Amino acid sequence: IDDVGVATSALPDTYPSSDVGRITRGAALTLLAKVQMTQKKFPEAVNTLKRIATLGYALQTDYKNCFAPAFKNNSESVFEIQYNASIDGMSNNNIFSWVPIGSEAYRAIFGYTGSNRTGWNIPTKDLISAYEPGDLRKDIAIKTGYTNSSGIFVHSPYINKWVYDAGIADRNDCNFPVYRYADVLLMLAEALNEVQYVPGGEAFDLLNTIRHRAGLANKTALDLQSQQSFRLAVEKERRLELAFEGHRWPDLVRTERAIDVIRAYGAIEKADPSTPRGLGEGYSSNAFDIQSFRLFYPVPLEEIEKAPKGLTQNDGY
């Protein structure tokens, strides 16, 4: 917190185009707000998030613009990792691991042959079913399959947010969003609700601002009649709005919902796996049975050995 305090005093709100992509005051404040939310210092988080709201950020009209290379570092971008496919070593190559297994899928989705860099990082059935009918974000974030070289549609969902042709094989020009203003607005809605549940209040307005862009109807006090129901609505909205951007796990940890959510999800996934699992690749009996100590990383041994006053290992490791 002290480090971020220094940063927010020293950093500028914006940079000239030649330095775009560097850490700004808004990025530092967003980090501070996330720490405050994790520490459950919600009044302080409200103040921090409202400071960010004065810095000139605005949602993009089209959700797709948050990821398209033509709209890099736009008004919604608080901090994003910079990539440039025209420069060796600066392509966003992670994207190529987020497609179904097989070179045929790679060819169909990216338009290039001869590559087979794929992985398991695909949308689950549980996530796909979480989108409401008419949610404009779904088709931007997820595709349910691809058409193979024989013209047959293969049902195999994949992450679509960053599938853009850079014109160079095995390279992708998309920046990766670390913090977006949509994240800030949803955190502010959550923090306001934690301070006090107000039916139809400012927190509802913020939640509905995000839903409006997604083409969804507003949530009212009749839909969300308690502080807890509003909490869960924000949790779901963050899951969908920020899907595949790295926020889901930290959100579940800081709200102390990770164990319950992951165990419940595990029961669903074991009963109906999202991805076909071959011989020897089935789920073990303790899969998804997350233990509380796993909510924290282990302390690196070298740090324990260097600590002058003695640093102990986290429980369980």
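What you are looking at is a predicted structure, and each value in this text was computed from that prediction instead of being measured. (Residues numbered from 1 in each chain as written. Predicted model: local features only at pLDDT ≥ 70, side-chain atom pairs only at ≥ 80, totals over all residues. Heavy atoms only, no water.)

K.L.:
Mind showing me how you'd approach the packing of helix H7 (residues 181–195) against helix H9 (residues 227–241) here?
P.N.:
Any two packed helices are characterised by how steeply their axes cross, that is the angle between the axes, and by the distance between the axes. In contact at an axis separation of 10 Å, H7 and H9 are set at 170° when each is read in the N-to-C sense. Between H7 and H9, the interaxial angle falls into the category roughly antiparallel. Contacts between H7 and H9 pair Ala 182, Asp 183, Leu 186, Met 187, Ala 189, Glu 190, Asn 193 and Glu 194 from the former with Gln 227, Phe 230, Arg 231, Val 234, Glu 237, Arg 238 and Glu 241 from the latter. Within the contact of H7 with H9, the residues separate by chemical class into six nonpolar, two polar and seven charged. (Axes fitted to C-alpha atoms, helices over the stretch in contact; angles between N-to-C directions. Helix = DSSP H or I, 4+ residues; strand = E, 2+ residues; numbered from the N terminus. Parallel < 35°, antiparallel > 145°, perpendicular 65-115°, else oblique. Contact = heavy atoms within 4.5 Å. Nonpolar A, V, L, I, M, F, W, Y, C, P; charged D, E, K, R; others polar.)

K.L.:
Even after reading the chapter, I still don't get the packing of helix H8 (residues 202–213) against H9, so can you show me in this structure?
P.N.:
For the pair H8 and H9, the least separation of the axes is 11 Å and the interaxial angle reads 30°. When the interaxial angle is binned, H8 and H9 end up roughly parallel. Here the hand of the crossing between H8 and H9 comes out left-handed. Contacts from Ala 203, Phe 204, Leu 207, Ile 210, Arg 211 and Arg 213 of H8 reach H9 at Phe 230, Ala 233, Val 234, Glu 237 and Glu 241. (Left-handed = near helix turned anticlockwise from the far one by under 90°.)

K.L.:
In this structure, what is going on with the nonpolar core? I would like to understand it.
P.N.:
Inside soluble globular proteins, nonpolar side chains tend to come together where they are buried. Counting 37 residues, the largest nonpolar core has Leu 49, Ile 52, Ala 191, Leu 207 and Phe 230 as the members making the most contacts within it. Secondary structure elements with two or more residues in this core: helix H2 (25–38), helix H3 (42–52), strand E1 (77–81), H7, H8 and H9. Considering every element that reaches this core, the biggest residue donor is H7, with ten residues. Among the nonpolar cores identified, the runner-up in size contains 21 residues, and Phe 67, Tyr 83, Phe 96 and Val 99 belong to it. (Core = buried A, V, L, I, M, F, W, Y, C linked by side-chain atoms within 4.5 Å. Buried < 20%, exposed > 50% of the residue type's maximum accessible area, 1.4 Å probe, protein only.)

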